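# Structural features, examined
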Amino acid sequence: MTAAISLAVLLLVLGSSIAVAAGMAMVGLILNQLYSQMPLTRMLGELTWSTTSNFILTAIPFYIMFGEILLRSGIAERMYNAMIQWLSWLPGGLMHSNVGSCALFGSVSGSSVATAATIGVVAMGEIDKHKYNERLFLGTLAAGGTLGILIPPSINMIIYGVMTDTSVPKLYLAGFIPGFILTVLFSLTVLIACMWKPHWGGEKIQTSWEERWRTLPDLLPPLVLLLIVVGAIFFGLATATESAAVGILGALVIAAWRRRVTLTMLREVCEGTVRTTAMVVAILVGAFFLNVVIQTIGLTQQLARLITAYQLTPAQVLTAVIVLYLVLGTFMEELSMMISTIPITTPLIVHAGYDPVWFGILLVLLIQTAMISPPFGINLFVIHGLRGRGTLSDVEIGSAPFVIALLIMIGLICVFPDIVMWAPRVFG
Amino acid sequence: MERLQAIATAISRGGAIVGGALLLAASIVICIDIALRYAFSLTIGGADDLSGYALAISSAWGFSAALLSRSHIRIDTVYVRVRSRAARAALDMLSLASFALFGGLVAWHGWGVLQQSYVSNSHSQSAIEMPLTIPQALWFAGLAFFVAVALLLLARALLALLRRDLDDLFRLIGSKSALAEAKEEISAVAHALEAEPKK
């Protein structure tokens, strides 16, 4: 009963377009009033201070700042042009460069929106030049962008790690192989589409080995940054937060080398970072408070008992959770969806016997799916906004094949959990 | 009132820039710490505490910047389907009022945290032994400023409501559509890329 009422209150409050951070706190207040004698609001001060001064969480603003500097450093355009040389011989041409650039940029960026926007800006001009099928081309950008949160570093993984007490380095390790497989799946999707309808693939782009070798150094900056940021974590040289700090320095060096560092630029970076951080942190504080209330009133145990009472098998619990996210993902903003549901779904899944690291990766894949599934998918909006013409449904249709690729990927890790678990087991 | 908001905007922007600078400084201190650790097996100590404080302070000041630029996430699936402008205005007011209440509670109990640190003369655990009242006072100031900004916006929205000027109300506190949000992100990216020095 408590569970049903709590869920109803949550949906009602968040559905009424109250800012998510405040909404979660309000739900916490209401549930506190209804079900607990203790005035839990008294904890709000201490809770907010200890949450926001948590060293692990400083990784969030660091990655945001890292991304902001990277964006302004100009590495994206050069990287994209080099990718064209190396990947566009495949049927589907530039669309493979889109996916490849997103994967490489995603491997240094922790955000999907930033990845889609950055590669999108660089790639958009090419549609008309080479007569591509516009919808599919847009789809590669929207879908490719989502790789930003699966391939480490990933802001979403840090949030998941902190909220569920899961090791962030292990999540990072676990994200690599699925990230690589998904990139290949996206490319395969383009390949199959263009072999079926060759005219979708646009005109052939002239490349030469000479050009390829000449542009190769342009792929280096992101690779070096990747090595610094992720390598340091894997070899145990630095924690996730420390390596993010090193990333900021690395990005600054690259930006300075390209003569992009100015006072105005630094001011914009600082302001942008703080605004985005505050938005994420506000939601986190609301969610942590709600989490405390939920635990105090014994909601999680109640749900667990419910599952035992109905004798649900682990697979059934998992299916229910996956379906829940696919449904929520169609209309809910992705970050809020993740933060507001983790406190409930993770204990259930772990209770059913699944590994929290594995579930973290599954969750990221589900969020990626949500990002490109209509009507609400943030990456669809980003790509549509970038294009500045046509309708949103063009992007939605173009992304549909990639939603299928994502569902296949989700199926793969459910059937073969080792895709996720092998790396953290061997290196972790 | 309008001037008051202009001043508030300027202060919150300043707060955000200083907060960002704190974060940048914290990241550099961490890098130095790592370098010393591997080069001389030394540690300055406290780099993690300092960056934690930087996050707490900058996010407290960022709350108001995000509120003024309407960047706080709202789920507008229902909102955009509400036809009545009056109902939408009511939802906007409700959202802002909840935020003010939430911020007020956090600030109120945040004051308690600061007071407690002062009374018990708490210092950070690491080698730097900074009195906790310093970062906590800056953090609390950010929270208090957020509440002030929320109340100011609430008052302005209320006045707009009384004047029946809903357009003004939406400009102040309306929900920004996701598409508008995406467009802002894009213009930031495009602006950043334009800075490329032409050869």
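Residues numbered from 1 in each chain as written. Chains lettered and ligands numbered in written order. Predicted model: local features only at pLDDT ≥ 70, side-chain atom pairs only at ≥ 80, totals over all residues. Heavy atoms only, no water.

Attention shifts here to the overall build of chain A. If you tally the helices and strands in chain A, you get 22 helices and zero strands. What you see for chain A is a C-alpha radius of gyration of 22 Å, in line with the 22 Å of a compact globule of 428 residues. The C-alpha extent of chain A, read off along each of the three principal axes, is 75 × 50 × 45 Å. Within the span of chain A, comprising 428 residues, buried residues form 65% of the whole. Looking at chain A alone, contacts between residues at least 24 apart form 79% of all its contacts between residues at least 6 apart. As displayed, chain A has an accessible area near 15,600 Å², and 68% of this comes from carbon and sulfur atoms. (Helix = DSSP H or I, 4+ residues; strand = E, 2+ residues; numbered from the N terminus. Rg over C-alpha atoms; globule rule 2.2 N^0.38 Å. Buried < 20%, exposed > 50% of the residue type's maximum accessible area, 1.4 Å probe, protein only. Contact = heavy atoms within 4.5 Å. Areas by Shrake-Rupley, 256 points an atom, 1.4 Å probe, with all protein chains shown as cover.)

When helices and strands are counted, chain B shows six helices and zero strands. When the helices and strands of chain B are listed from N to C terminus, the series reads α-α-α-α-α-α. Here chain B has a C-alpha radius of gyration of 21 Å; the compact-globule value for 199 residues is 16 Å, and the former is much larger. In terms of overall dimensions, chain B has a C-alpha envelope of 65 × 60 × 30 Å along the principal axes. Residue burial in chain B is summarised as follows: out of 199 residues, 49% are buried. Pairs at least 24 residues apart make up 72% of the contacts formed inside chain B by residues separated by at least 6 positions. Of the roughly 9,800 Å² of accessible surface on chain B, 65% is carried by carbon and sulfur atoms. Charged side chains of chain B number 17 positive and 15 negative; the gap between the two group centres comes to 11 Å. (Lys, Arg positive; Asp, Glu negative; His and termini not counted. Charge placed at Lys NZ, Arg CZ, Asp CG, Glu CD.)

Contacts between chain B and chain A engage 68 residues on the former and 76 residues on the latter. Contact between chain B and chain A buries roughly 6,100 Å² in total, counting both sides, with carbon and sulfur atoms accounting for 77%. For Glu 242 of chain A, the salt bridge is made with Arg 37 of chain B, and the minimal N-O distance between the two is 3.1 Å. Inspection of the chain B/chain A interface yields nine residue pairs in polar contact (both at pLDDT 80 or more). Looking at the side of chain B that touches chain A, the elements that each hand over two or more residues are helix H1 (2-40), helix H2 (47-68), helix H3 (85-119), helix H4 (133-162) and helix H6 (178-194) of chain B. (Buried area = accessible area lost by both parts, 1.4 Å probe. Salt bridge = Lys/Arg side-chain N within 4 Å of Asp/Glu carboxyl O. Polar contact = N/O pair within 3.5 Å; in protein donor to acceptor, adjacent residues only side chain to side chain.)

In total, this model carries 16 aromatic pairs over all chains according to the counting rule given. Taking the centre distance of 6.0 Å and the plane angle of 85° together, the rings of Trp 196 of chain A and Trp 200 of chain A count as edge-to-face. Between Tyr 354 of chain A and Trp 358 of chain A, the ring centres sit 5.3 Å apart and the planes meet at 20°, which makes this aromatic pair stacked. Members of the aromatic cluster, connected to one another through ring pairs, are Phe 63, Phe 99, Phe 102 and Phe 146 of chain B. The lysine or arginine in question, Arg 88 of chain B, covers the ring of Tyr 79 of chain B, its NZ or CZ lying 5.5 Å from the ring centre. (Phe/Tyr/Trp six-rings, centres within 6.5 Å; stacked < 30°, edge-to-face > 60°. Lys NZ or Arg CZ within 6 Å of the ring centre and 35° of its normal.)

Another aspect to go through is the side chain of Arg 212 of chain A. All names here are of chain A. With respect to the helices and strands, the residue Arg 212 is situated in helix H12 (residues 209-215). Within the buried core, Arg 212 has no salt-bridge partner, and the shortest N-O distance to an opposite charge, that of Glu 211, equals 9.2 Å. Each residue touching Arg 212, except ones within four places of it in the same chain, is listed here: Gln 85, Trp 86, Trp 89 and Thr 207.

The next point concerns empty space enclosed by the protein. This model, assessed by the stated rule, comprises one cavity of 30 Å³ or more. Estimates place the volume of the largest cavity at around 80 Å³. Lining the largest cavity, in full, are Thr 48, Ala 282 and Val 285 of chain A together with Phe 63, Phe 99, Phe 102, Gly 103, Val 106, Leu 143 and Phe 146 of chain B. Secondary-structure elements contributing two or more residues to the lining of the largest cavity are helix H15 (263-296) of chain A together with H3 and H4 of chain B. The residue inventory of the lining of the largest cavity, partitioned by class, reads eight nonpolar, two polar and no charged. (1 Å grid on protein atoms, 1.4 Å probe; cavity = no way out; pocket = protein on both sides within 12 Å on 5 of 7 lines; lining within 4 Å. Points joined across faces, edges and corners; volume = space filled by probe spheres on them. Nonpolar A, V, L, I, M, F, W, Y, C, P; charged D, E, K, R; others polar.)

Once that is clear, we can look at the layout of surface pockets. Residues and elements named next belong to chain A. When its volume is computed, the second largest pocket comes out at roughly 630 Å³. Lining the second largest pocket are 28 residues; nearest its centre among them are Leu 7, Leu 303, Leu 324, Ile 344 and Leu 348. For the lining of the second largest pocket, the secondary-structure elements that each account for two or more residues are helix H1 (2-15), helix H2 (20-35), H15, helix H16 (299-309), helix H17 (314-331) and helix H18 (334-351). The class makeup of the residues in the lining of the second largest pocket is 24 nonpolar, four polar and no charged.

For soluble globular proteins, nonpolar side chains are generally found buried alongside one another. Formed by 223 residues in total, the largest nonpolar core has its most connected members in Tyr 63 and Ile 159 of chain A together with Phe 102 of chain B. A total of 17 residues in this core trace back to one element, the largest contributor, which is H15 of chain A. In this structure, Tyr 63 of chain A is in contact with Pro 153, Ile 155, Ile 158, Tyr 172, Val 229, Ile 233, Ala 240, Ser 243 and Ala 244 of chain A, ignoring residues within four places of it in sequence. (Core = buried A, V, L, I, M, F, W, Y, C linked by side-chain atoms within 4.5 Å.)

A few words on the pattern of salt bridges. If you walk through the whole model with that rule in mind, you get 14 salt bridges over all chains. The salt bridge partner of Arg 78 of chain A is Asp 218 of chain A, with a shortest N-O separation of 3.8 Å. One end of the pair, Arg 78 of chain A, is in helix H5 (residues 75-87); the other, Asp 218 of chain A, is in the loop between H12 and helix H13 (220-234), and 140 residues separate them in sequence. Residue Asp 92 of chain B pairs with Arg 74 of chain B through a salt bridge whose shortest N-O separation is 2.9 Å. Of this pair, Asp 92 of chain B sits in helix H3 while Arg 74 of chain B sits in the loop between H2 and H3; the two residues are 18 residues apart in sequence, bridging distant segments of the chain. What emerges from the salt-bridge pattern is a single network uniting Glu 134, Arg 135, Arg 387 and Asp 394 of chain A.

Counting across every chain of the model gives zero disulfides over all chains. No disulfide involves Cys 194 of chain A; its sulfur sits 16 Å from that of Cys 102 of chain A, the nearest cysteine. Of the residues examined, Cys 194 of chain A reaches a relative accessible area of 4% and is grouped as buried. Among the cysteines around Cys 270 of chain A, which has no disulfide bond, Cys 31 of chain B carries the closest sulfur, lying 15 Å off. Cys 270 of chain A sits in the buried class, given a relative accessible area of 5%. (Disulfide = S-S within 2.5 Å.)

Inspection of the secondary structure puts Ser 27 of chain B in helix H1. Between the C-alpha atoms of Ser 27 of chain B and Asp 48 of chain B, which are 21 residues apart in sequence, the distance is 9.6 Å. Ignoring any residue separated from it by four or fewer positions in sequence, one finds Ser 27 of chain B in contact with Phe 62, Ala 245 and Ile 248 of chain A. Polar contacts involving the side chain of Ser 27 of chain B include one to the main-chain carbonyl oxygen of Leu 24 of chain B, which spans 2.7 Å.

Over its 13 residues, H5 of chain A runs 18 Å from end to end, which matches the ideal 18 Å to within 8%, given 1.5 Å per residue. All of the buried residues in H5 of chain A are Ile 75, Ala 76, Glu 77, Met 79, Tyr 80, Ala 82, Met 83, Ile 84 and Gln 85 of chain A. (Expected span 1.5 Å × (residues − 1).)

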